[in-house]
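These are the residues of each chain, in order.
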Amino acid sequence: MTKQPKYRQVADALRREIVKEVYRPGERLPSESALSARFDASRNTIRSGLSQLVSEGLISSSQGLGYEVRTHQVFELNASRFENLSFPQNGDAYSTDVTNAGRRPHQTFRVEILPAPAEVAERLKVESESRAVLRFCHRFVDEVPWSTQATYYPSWLVDKAPRLAEPGDIAEGTTRYLADRGIEQVGYFDEIATRMPTPDEARLLEIGGGVPVLLWTRTGYSGERPIRCTITTFRGDLNRMNYEIGDQSARSENEVK
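Computed from a prediction, not measured in an experiment: that's the story for all the values here.

Concerning the packing of aromatic side chains
Item 1. As enumerated under the stated definition, the model contains four aromatic pairs in all.
Item 2. Considering the side-chain rings of phenylalanine 75 and tryptophan 146, the 5.2 Å spacing of their centres and the 80° angle between planes classify their relative orientation as edge-to-face. You can see phenylalanine 75 sitting in strand E3 (residues 75-78) and its partner tryptophan 146 sitting in strand E6 (residues 144-154), a full 71 residues away along the chain. In this structure, phenylalanine 75 and tryptophan 146 share a single accessibility class: buried.
Item 3. When the centroid spacing of 5.3 Å and the interplanar angle of 70° are considered together, the rings of tryptophan 146 and phenylalanine 234 count as edge-to-face. With tryptophan 146 in strand E6 and phenylalanine 234 in strand E9 (residues 226-235), this pair connects stretches of sequence that are 88 residues apart.
Item 4. Judged by its relative accessible area of 4%, tryptophan 146 is buried.
Item 5. By the ring-pair criterion, three or more aromatic residues cluster together here, those being Phe75, Tyr94, Trp146, Trp216 and Phe234.
Item 6. The ring of tyrosine 188 carries the charged tip of arginine 218 above its face, separated from the ring centre by 3.4 Å.
Item 7. A cation sits over an aromatic face here: arginine 225 above tryptophan 156, 3.6 Å from the ring centre.

Remarks on the sheet that holds E6
Item 1. The strand order E4-E5-E6-E9-E8-E7 describes an open sheet built from six strands, whose pairing is antiparallel. The open sheet is flanked by strand E4 (105-115) and strand E7 (187-195), the only strands paired with a single partner. Averaged over all pairs of adjacent strands, the angle between their axes in this sheet comes to 15°, without regard to strand direction.
Item 2. Where E7 meets strand E8 (residues 213-221), nine bridges bridge the pair, whose relative direction is antiparallel. Note on E8: the bridge partner recorded for threonine 194 is leucine 214.

Describing the environment of threonine 148
Item 1. Its place among the elements puts threonine 148 in strand E6.
Item 2. For threonine 148, a relative accessible area of 7% corresponds to the buried category.
Item 3. Sequence separation of threonine 148 and phenylalanine 109 is 39 residues, and the distance between their C-alpha atoms is 10.0 Å.
Item 4. Dropping the residues within four chain positions of it, threonine 148 is found in contact with Phe136, Cys137, His138, Leu204, Leu205, Ile231, Thr232 and Thr233.

A closer look at the nonpolar core
Item 1. Residues Leu14, Leu29, Phe39, Ile46, Leu50 and Ile59 are the most contacted members of the largest nonpolar core, which totals 16 residues.
Item 2. In terms of residues, this core owes the most to one element, helix H1 (residues 6-19), which gives five residues.
Item 3. Among all residues touching isoleucine 46, those that are not within four sequence positions of it are Val10, Glu32, Leu35, Ser36, Phe39 and Ala41.
Item 4. Counting twelve residues, the second largest nonpolar core, distinct from the first, contains Ala79, Tyr94, Trp146 and Leu214.

Parameters at a glance
- Residues numbered from 1 in each chain as written.
- Predicted model: local features only at pLDDT ≥ 70, side-chain atom pairs only at ≥ 80, totals over all residues.
- Heavy atoms only, no water.
- Phe/Tyr/Trp six-rings, centres within 6.5 Å; stacked < 30°, edge-to-face > 60°.
- Helix = DSSP H or I, 4+ residues; strand = E, 2+ residues; numbered from the N terminus.
- Buried < 20%, exposed > 50% of the residue type's maximum accessible area, 1.4 Å probe, protein only.
- Lys NZ or Arg CZ within 6 Å of the ring centre and 35° of its normal.
- Pairing = 2+ DSSP bridges.
- Axes fitted to C-alpha atoms, helices over the stretch in contact; angles between N-to-C directions.
- Contact = heavy atoms within 4.5 Å.
- Core = buried A, V, L, I, M, F, W, Y, C linked by side-chain atoms within 4.5 Å.

Okay, structure coming up:
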């Protein structure tokens, strides 16, 4: 069996210690000099091992401050309840879910009228490049970038729901606003994918090296046609999604004996 390169041995050892919380989130690792002495390895070897952990998103580096274990307080989103009008809400679905988890929501908005990208137009069943309203949200949990959300609405919908094209927040959430205007979302189709972030996504979400993004595309439908396409881009290291489907009465918090 081929022996692993020394830098990988260093990375493996430190990774195990991070997982076991020998080094806890937010805590600094020993200096390169100290690690060099511990592993009997050159500073370049230590740096290569640490770079491996940076690329995995386990640690971050700061000029002159060394290496720190990244804080990963994961937020769990129930995607099957999200936007469900029968679920009690305080504001929009995002603010409700974050607040109910005992954490702090914050979001900024941008509204534009522009040609619909081809893949969005296909989902909305409109002509490619036809006009659409884009409502773009930059969302935070506890002041940490959590996601970006780009929702496209076909232009025909704006005549029936003019607030869609107005800047700023729709406090009750667009799904409830549309339902109040007689445009009820009766179903949706979800697509889930992962990839590495674009430079803009890495900047907006403050993503470190080696951390992917989770893409959640939801197309919402009224009884007659598609009414919106929402593309949410999550930080892969701080988010987890779940769905509840069908009868789950067999679930129990008690351990099965």
